[in-house]
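# Topology and contacts: notes
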Amino acid sequence: MHLLLGQTLTFTGDPFHADPAAVVQHERRGAVAVEGGRIAAVGPSDELRKAYPGAAVTDHGNALLSPGFIDAHVHYPQTAIIASWGKRLIDWLGHYTFPEEARFGDPDYAAEIAARYFDLTLAAGTTTAVSFATIHPESVDAFFAEARARGLRALAGKTCMDVNAPETLTDTAQSAYDASKRLLETWHGVDRLAYVISPRFAPTSSRAQLEALGALWAEHPEVLMQTHLAEQHEEIAWVAELFPEARDYTDVYDRFGLLGEGALMGHAIHLSPRERDRLKEAGASLIHCPTSNTFIGSGLFDMDGLMQAGHRIGLATDTGGGSSFSMLRTMAAAYEVAQLRGTPLHPAQLWWLATAGSARALRLGETIGRLAPGFEADIIAVDLASTPAIAQRADRAEALWEAVFPTIMMGDDRAIAATYVGGQRV
Ligand code: GUN
Ligand code: ZN
């Protein structure tokens, strides 16, 4: 048994549909008891020290013990091209992304970037990510091998594209199906790894490929499916040209069996009322990528309207269309986007999105994302005074969220004092 001491922060419910004060569990002098990679107990430090007198103790002082952050949509192969200047989506893909992704047929390069990606994100407090790989099966192997070696809960899939991409980066309907199936059978459920069926987006898949991947998903409803939806106006117009028979962008996926519970729809910014209704009815998760949506100039996600309508929503960096590896910076961007829409988010809602909310969007809401008995012990210690600028503001705080908000708005990897993966400090 290992006891971590600090301020504990976790949620018992959803602060979008309840008063944050009613669903936040905060212990000023708290403790988390960890054993065998899982959380055994959470409570006041005094009580847990009495309950487990022989336990090893690590005291994180005033740091906030929180579930590790969950990044619900990333492209680990874009690690090295993050913050590439001056393009909108379609040009950004062609100019920066595709040439970089073309390198991932080399297993050594894929392994190098996978290791770099996890180094950067663990330092930023992210303990689970859902990643697109590239079209190369080697890129999936590299990601999962690295995640497994580090004991991480991680999700990923081979990106499938058979049209409208450079020849070096295309598969076919059949090879996408075969390779995805083989990778799924190889990796899904191994340790804490999960395969995700990953058509990149409607413009880069033929009807035959979408159909093949829809069939694979029907054979394996236990896995998630991820793609991109309604990110930019030019992209939406292109989809309408490519699929004139579809009612709208959402309907393209729907027609091929790629809409349902367990679908992770990246971006989902420019949706018609019909699409919103259909996404809700189908039970898809929408993934908000705020630093990407501002960086590539995509638009302002309607968090307030979609939450009120009852959608399941996760939060993500969208590395490297997103401009940061940090979920703190991502929460800040989500706050700013919501402000621009006139519907500010409460700090509790931001923290929930980055932990329990994203976990729920990934159908992992009973496994990760909360500090509660039985949950996996992916835990971070967050220093709420990690820079002089943050420290002087937090010093004035009279309440929990006033103390946390400066770190949300101004924090980065320097705020992450410790990261535990399956109970082990990394
Ligand atoms: N749409 C299709 N592919 C991508 C990608 O790699 N990044 C982003 N932001 N949008 C996409
Ligand atoms: Zn993406």
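Residues numbered from 1 in each chain as written. Chains lettered and ligands numbered in written order. Predicted model: local features only at pLDDT ≥ 70, side-chain atom pairs only at ≥ 80, totals over all residues. Heavy atoms only, no water.

## Some words on the nonpolar core
Phe-69, Tyr-76, Leu-229, Met-265, Met-331, Trp-351 and Trp-401 are the most contacted members of the largest nonpolar core, which has 107 residues in total. When neighbours within four sequence positions are excluded, Trp-351 is seen to be in contact with Leu-9, Phe-11, Leu-64, Ser-66, Phe-69, Leu-328, Met-331, Val-382, Trp-401, Val-404 and Ile-408. Within the second largest apolar cluster, 16 residues are counted, among which are Leu-224, Cys-289, Leu-364 and Ile-368. (Core = buried A, V, L, I, M, F, W, Y, C linked by side-chain atoms within 4.5 Å. Buried < 20%, exposed > 50% of the residue type's maximum accessible area, 1.4 Å probe, protein only. Contact = heavy atoms within 4.5 Å.)

## As for the coordination of the zinc ion (ligand 2)
Tetrahedral metal sites with four donors have an ideal angle of 109.5 degrees; octahedral sites with six donors have ideal angles of 90 or 180 degrees. For the zinc ion (ligand 2), the full set of protein donor atoms is His-73 (NE2), His-75 (NE2), His-228 (NE2) and Asp-318 (OD), at a range of 2.0 to 2.7 Å. Relative to the metal, the four donor atoms surrounding the zinc ion (ligand 2) lie at angles of 88 to 162°, and the coordination shape comes out irregular. Mapped onto the sequence, the donors of the zinc ion (ligand 2) take the spacing H-x1-H-x152-H-x89-D. For His-75, a relative accessible area of 3% puts it in the buried group. (Donors = N, O, S within 2.8 Å, 3.2 Å for Na, K, Ca; no water. Tetrahedral: all angles 85-135°; square planar, octahedral: opposite > 155°, others 65-115°.)

## Considerations on the site of ligand 1
Around ligand 1 sit 13 residues in total, of which His-75, Gln-78, Arg-200, Glu-231 and Asp-318 are the nearest. Glu-231 places a polar side-chain atom, nitrogen or oxygen, 2.7 Å from a nitrogen atom of ligand 1. Asp-318 is positioned such that a nitrogen or oxygen atom in its side chain is 2.8 Å from a nitrogen atom of ligand 1. Alone, ligand 1 offers 280 Å² of accessible surface; in the complex the protein occludes 100% of this. Sorting elements by how many residues they give to the shell around ligand 1 places helix H3 (residues 89–101) first, with three residues. In terms of residue class, the shell around ligand 1 is built from five nonpolar, five polar and three charged. (Near = heavy atom within 4 Å. Polar contact = N/O pair within 3.5 Å; in protein donor to acceptor, adjacent residues only side chain to side chain. Areas by Shrake-Rupley, 256 points an atom, 1.4 Å probe, with all protein chains shown as cover. Helix = DSSP H or I, 4+ residues; strand = E, 2+ residues; numbered from the N terminus. Nonpolar A, V, L, I, M, F, W, Y, C, P; charged D, E, K, R; others polar.)

## Focus on the pattern of salt bridges
Scanning the model with the defined rule gives 25 salt bridges in all. Taking the shortest distance from any N to any O, the salt bridge between Glu-112 and Arg-116 comes out at 3.0 Å. In this pair, Glu-112 and Arg-116 both sit in helix H4 (residues 107–123), four residues apart, roughly one turn of the helix. Given the relative accessible area of 41%, Glu-112 is considered partly exposed. (Salt bridge = Lys/Arg side-chain N within 4 Å of Asp/Glu carboxyl O.)

## Quick word on the packing of aromatic side chains
Per the counting criterion, the structure on display carries twelve aromatic pairs. Their ring planes at 35° and their centres at 5.2 Å tell us that Tyr-76 and Phe-143 sit as a pair that is tilted. Of this pair, Tyr-76 sits in the loop between strand S5 (69–75) and H3 while Phe-143 is found in helix H5 (residues 137–149), placing the two residues 67 residues apart along the sequence. The residues Tyr-76 and Phe-143 share a single accessibility class, namely buried. (Phe/Tyr/Trp six-rings, centres within 6.5 Å; stacked < 30°, edge-to-face > 60°.)

## Topic: the side chain of Asp-251
Tracing the backbone shows Asp-251 in helix H9 (residues 249–255). Only 2.9 Å separates the side chain of Asp-251 from the backbone nitrogen of Arg-247, close enough to count as a polar contact. Excluding anything up to four places from it in sequence, Asp-251 contacts Ala-246 and Arg-274.

Keep in mind these numbers describe shape, not what the thing actually does.
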